[in-house]
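Results of the structural survey
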Amino acid sequence: MTTTKPPGQPERQKHGRMWEQGRGRRRGEELMVPQATFSSYYGRPVVKKPVWEELDIAGYLFTGGIAAGTALLAAGADRTGRAELRRAMRLSSLAALSVSGVALVHDLGRPERFANMLRVFKPTSPMSVGSWLLSAFALPTAISAADELPQLIPGPLRPLVQRLAPAASVAAAAIGSGVATYTAVLICDTAVPSWHAAYPEMPFVFAGSALSGSAGLALVLAPVAETAPARKLAFFGAVLELASSQRLEHRLGLVGEPYREHPSGRKMKLAKALTLTGVVASTLLAKRSRAAALAAGAALVGASALTRFAIFEAGVVSTEDPAYTVAPQRIRVEERAHN
Amino acid sequence: MSRLSGPEHDVARDAGYDEAPPRMGFFTDTSICIGCKACEVACKEWNGVPDDGYNLLGMSFDNTGMLGANSWRHVAFIEQSKPVGQQESPREGVRWLMASDVCKHCTHAGCLDVCPTGSLFRTEFGTVVVQEDICNGCGYCVPACPYGVIDRRPDDGRVWKCTLCYDRIGDGLEPACAKACPTDSIQFGPLDELRERAHDRVDELVSAGVTEARLYGDSPDDGVGGAGAFFLLLDEPEVYGLPPDPVVPTRDLVSMWKHAAAAAGVFLGLGLAAFGGRNRR
């Protein structure tokens, strides 16, 4: 007996959906995916949505970047004799690291077991690597900050802290480069479609966002006379961030959609506009007036936070619609079948 | 260090066991599933899995919805208009697909790879199990699973999933779901044997005219290095809510770290550039 496969299934029975339907494709927008029907199981997601609280984890992506970027600025300020910038950056770094720690522990399902993070060292887990990285970052960050607050250190320890502080600042900056970028690996090493596919660009977006945000904080906190390097760094960071996120959004095609559309995409656009405003203001105006520096700096800090929240939300959006999981995989399967 | 992707002949040895029993798994033959949900019930009973409320989902007879922290077996129900048996033409909603889904116990398991505490581990049977006394509920495994299996219990804070009845198989018993399955749609045994049996079954079905029969998750060459729990399906995987070409996220981990290292270099380089140069002040 032979059976013949019926041609074309009616939409309804396959619980499928047309790709281009209801997606609000705008005029002139390039068609990223060939028109095809994809099935799903009653429209249910395939991969699980991250259980992370947005405020905790998107917040940490931001504060971790600030902790790292301000450590870098503090080391530079120390080497070039900018005392007030150094003080502001060292204390900001410790503050941002502390907020990060609180957010990370708060997000655990079992916060009292946070120490289990250091139970093993596991290179296949970016979160394990990150836990050790943050622990290594904490010591020099604490020493550098202590150097700015001698009145809080017991007398006999003061000379030691003073002696160690310059090296600690350099160490914090070096380890900070890892802290600023590993978080990209952290979110990209998941099955979340819009995060995983973005792994080549994400560390550069995060590095740029950390630099511009931290430089922005320097503009807010330090006197104009000492912030010339921060203004440069804001420029470098913003260019890095904008260029890499532009590349990310356009390379990704379909799974790049959450970075371009949806509320997450709108947040992303707003973040970019704010980065651009901040960097133009900091480059052109911030050296002239303290008020302009304050405004430019605040814009850059806000933009850095907004970028992280937008990226976090884009990932979540991509898990909610099975199309983002199924379509790229289905296309891979078809391509393999043809080759 | 062990491989992050691709075929892996001996998962238990790779995980550090010098001597291990054969790798055990499930073969779920959905062509003989009758949708009785005995597997769901047996699993809950044996493993003490809490109920997740009385939900009417409006998805045929499926009121479980999907695998999760409190559903370690999930029976999917799909109603299609396709000719069945000797029928010539399709009739409205007459073809039923029923399939009992479960954790795949991947050769390269995303959940296991990313777990920072070592709570998730590879057993001597080659299965993947959560140690509940170690899990701190970081939630990283949840989005790391390409099949969306493992999840966190909100009230408990830890993650849960199928253990392939680690406590039973250690005593030579079969897992509760397989034991309860009245049609042997769920078969438990050494993975090598199951794979052979499954290929025979597909051949049998295809020669009987069920040309749409295909295996899912049986190939060591797939994106997770082959699943420890694989399936015989009668339609595309996505029809059952399964990803058509799942890939363990960690496959790209080395490349991810290389990109991150380059970005870290740029980060430091830009710092140097900002403070160096002409005006030192």
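Owing to the predicted nature of the structure, the values given are computational and were not obtained by experimental measurement. (Residues numbered from 1 in each chain as written. Chains lettered and ligands numbered in written order. Predicted model: local features only at pLDDT ≥ 70, side-chain atom pairs only at ≥ 80, totals over all residues. Heavy atoms only, no water.)

**Structural notes on the pairing of strand β1 (residues 24-29) of chain B**
All names here are of chain B.
- The buried fraction of β1 amounts to six of the six residues, a majority that puts the element mostly inside the structure.
- Side chains Met24, Phe26 and Thr28 project from β1 onto one buried face, and the interleaved Gly25, Phe27 and Asp29 project onto a second face that is buried too.
- Of the strand pairs in this sheet, β1 and strand β8 (residues 186-190) are connected by five bridges, and their pairing is antiparallel. Within β8, the position partnered with Phe27 by the bridge is Gln187.
- Both β1 and strand β10 (residues 229-233) contribute to a ladder of four bridges, which runs parallel. (Buried < 20%, exposed > 50% of the residue type's maximum accessible area, 1.4 Å probe, protein only. Helix = DSSP H or I, 4+ residues; strand = E, 2+ residues; numbered from the N terminus. Pairing = 2+ DSSP bridges.)

**So, the packing of aromatic side chains**
- One pass over the structure, following the stated rule, counts 13 aromatic pairs over all chains.
- Taken together, a centroid distance of 4.7 Å and an interplanar angle of 85 degrees make the contact between Tyr41 of chain A and Tyr42 of chain A edge-to-face.
- Among the residues examined, Tyr41 of chain A registers a relative accessible area of 2% and is labelled buried.
- Note on Phe121 of chain B and Tyr166 of chain B: the rings are 6.0 Å apart at their centroids and 70 degrees apart in plane angle, and the pair reads as edge-to-face. (Phe/Tyr/Trp six-rings, centres within 6.5 Å; stacked < 30°, edge-to-face > 60°.)

**Quick notes on the domain arrangement of chain A**
Residue and element names in this part refer to chain A.
- One can read the domain layout of chain A as domain 1 (51-189) and domain 2 (195-339).
- Using C-alpha coordinates to define each centre, domain 1 is positioned 22 Å away from domain 2.
- At the interface, 28 residues of domain 1 touch 30 residues of domain 2.
- In total, domain 1 and domain 2 occlude about 2,400 Å² of area from one another, counting both sides; carbon and sulfur atoms represent 77% of this. (Domains from an automatic or database assignment. Contact = heavy atoms within 4.5 Å. Buried area = accessible area lost by both parts, 1.4 Å probe.)

**Some remarks on the environment of Thr283 of chain A**
Residue and element names in this part refer to chain A.
- Along the polypeptide, Thr283 turns up in helix α10 (residues 262-284).
- Residue classification places Thr283 among the partly exposed positions, given a relative accessible area of 32%.
- Here the alpha-carbon distance between Thr283 and Ala230, two residues 53 residues apart in the chain, equals 9.9 Å.
- A polar side-chain atom of Thr283 sits 2.6 Å from the main-chain carbonyl oxygen of Val279. (Polar contact = N/O pair within 3.5 Å; in protein donor to acceptor, adjacent residues only side chain to side chain.)

**Focus on the state of the cysteines**
Residue and element names in this part refer to chain B.
- For the structure on display, the rule yields zero disulfides over all chains.
- Unpaired in terms of disulfides, Cys33 finds its nearest cysteine sulfur in Cys39, a separation of 6.6 Å.
- For Cys33, a relative accessible area of 14% corresponds to the buried category. (Disulfide = S-S within 2.5 Å.)

**Digging into the packing of helix α7 (residues 202-221) of chain A against helix α11 (residues 290-320) of chain A**
Residue and element names in this part refer to chain A.
- Running from amino to carboxyl end, α7 crosses α11 at an angle of 150 degrees, the nearest separation of the two axes being 7 Å. What the angle tells us is that α7 and α11 run roughly antiparallel. As for how α7 packs across α11, the hand of that crossing is left-handed. When α7 is examined against α11, the residues Met202, Val205, Phe206, Ser209, Ala210, Ser212, Gly213, Gly216, Leu217, Leu219, Val220 and Leu221 are found in contact with a partner set consisting of Arg290, Ala293, Leu294, Ala296, Gly297, Ala298, Leu300, Val301, Ser304, Thr307, Arg308 and Ile311.
- The residue inventory of the contact of α7 with α11, partitioned by class, reads 15 nonpolar, seven polar and two charged. (Axes fitted to C-alpha atoms, helices over the stretch in contact; angles between N-to-C directions. Parallel < 35°, antiparallel > 145°, perpendicular 65-115°, else oblique. Left-handed = near helix turned anticlockwise from the far one by under 90°. Nonpolar A, V, L, I, M, F, W, Y, C, P; charged D, E, K, R; others polar.)

**What about the interface of chain B and chain A?**
- The partner chain A presents 85 residues to the 90 residues of chain B that form the contact.
- Our count for the chain B to chain A interface comes out at five salt bridges.
- Measuring nitrogen to oxygen at the nearest pair gives 3.6 Å for the salt bridge that ties Asp156 of chain B to Arg110 of chain A.
- In this assembly, chain B and chain A are joined by 31 residue pairs in polar contact (both at pLDDT 80 or more).
- Counting residues per element, the ones that place at least two in the side of chain B that touches chain A are β2 (73-80), α3 (110-114), α4 (141-144), β6 (151-152) and α8 (253-275) of chain B.
- Per-element accounting of the side of chain B that touches chain A gives the leading share, 17 residues, to α8 of chain B.
- Along the lines of polarity and charge, the residues of the side of chain B that touches chain A split into 49 nonpolar, 24 polar and 17 charged. (Salt bridge = Lys/Arg side-chain N within 4 Å of Asp/Glu carboxyl O.)

**Concerning the packing of α10 of chain A against α11 of chain A**
Residue and element names in this part refer to chain A.
- Two elements in contact, α10 and α11, have axes whose closest approach is 8 Å; the angle formed by their N-to-C orientations is 160 degrees. What the angle tells us is that α10 and α11 run roughly antiparallel. For α10 against α11, the interelement crossing comes out left-handed.
- Of the residues that constitute the contact of α10 with α11, the class distribution is 16 nonpolar, seven polar and two charged.

**Description of a nonpolar patch on the surface**
- A cluster of nonpolar side chains, Leu276, Val280, Leu284 and Leu285 of chain A, forms an exposed patch at the surface whose accessible area comes to about 360 Å².
- By the element assignment, Leu284 of chain A lies in helix α10. (Patch = residues over 30% accessible without salt bridge, like charges linked within 9 Å, V, L, I, M, F, W, Y side chains within 5 Å. Areas by Shrake-Rupley, 256 points an atom, 1.4 Å probe, with all protein chains shown as cover.)

**Looking at the pairing of β10 of chain B**
All names here are of chain B.
- Counting buried positions along β10 gives five out of five residues, so the element sits mostly inside the fold.
- Across the two faces of β10 the burial is the same, with Ala229, Phe231 and Leu233 and Phe230 and Leu232 all buried.
- Taken together, the three bridges between strand β9 (residues 214-216) and β10 define a ladder with antiparallel strand orientation. Counted as the bridge partner of Arg214 is Leu233 from β10.

**Quick look at helix α3 (residues 83-107) of chain A**
- Taking 1.5 Å as the rise per residue, α3 of chain A with 25 residues should run 36 Å; its terminal C-alpha atoms sit 36 Å apart, in good agreement.
- For α3 of chain A, the complete set of buried residues consists of Leu85, Ala88, Met89, Arg90, Ser92, Ser93, Ala96, Leu97, Ser100, Ala103 and Asp107 of chain A.
- Packed against the buried residues of α3 of chain A are α2 (54-79), α4 (126-148), α5 (158-188) and α7 of chain A together with β6 and α8 of chain B. (Expected span 1.5 Å × (residues − 1).)

**With respect to the pattern of salt bridges**
- Within this structure, the stated rule accounts for 26 salt bridges over all chains.
- Between Asp245 of chain B and Arg332 of chain A there is a salt bridge, and its shortest N-O distance comes to 2.6 Å. With Asp245 of chain B in the loop between β10 and α8 and Arg332 of chain A in helix α12 (residues 322-338), this pair bridges two chains.
- Owing to a relative accessible area of 7%, Asp245 of chain B belongs among the buried residues under this scheme.
- A residue is classified by how much of its surface remains accessible, and Arg332 of chain A, at 32% relative accessible area, is partly exposed.
- Arg13 of chain B serves as the salt-bridge partner of Asp10 of chain B, at 3.6 Å between the closest nitrogen and oxygen.
- A residue is classified by how much of its surface remains accessible, and Asp10 of chain B, at 33% relative accessible area, is partly exposed.
- Residue classification places Arg13 of chain B among the exposed residues on the basis of a relative accessible area of 52%.

**A short note on a negative patch on the surface**
Residue and element names in this part refer to chain B.
- Together, Asp192, Glu193, Glu196, Asp200 and Asp203 give the surface a local cluster of negative charge.
- Looking at the element boundaries, Asp200 is found in helix α7 (residues 191-207).
- The exposed category is assigned to Asp200, whose relative accessible area is 52%. (Lys, Arg positive; Asp, Glu negative; His and termini not counted. Charge placed at Lys NZ, Arg CZ, Asp CG, Glu CD.)

**Topic: the sheet that holds β9 of chain B**
Residues and elements named next belong to chain B.
- The mixed open sheet is built from four strands, whose spatial order is β8-β1-β10-β9. In this open sheet, the two strands that pair with only one neighbour each are β8 and β9. For this sheet the average axis-to-axis angle between neighbouring strands, irrespective of direction, equals 25 degrees.
- In the packing of α7 onto the sheet, the strands contacted are β1, β8, β9 and β10, and the crossing angle to β8 comes to about 135 degrees.

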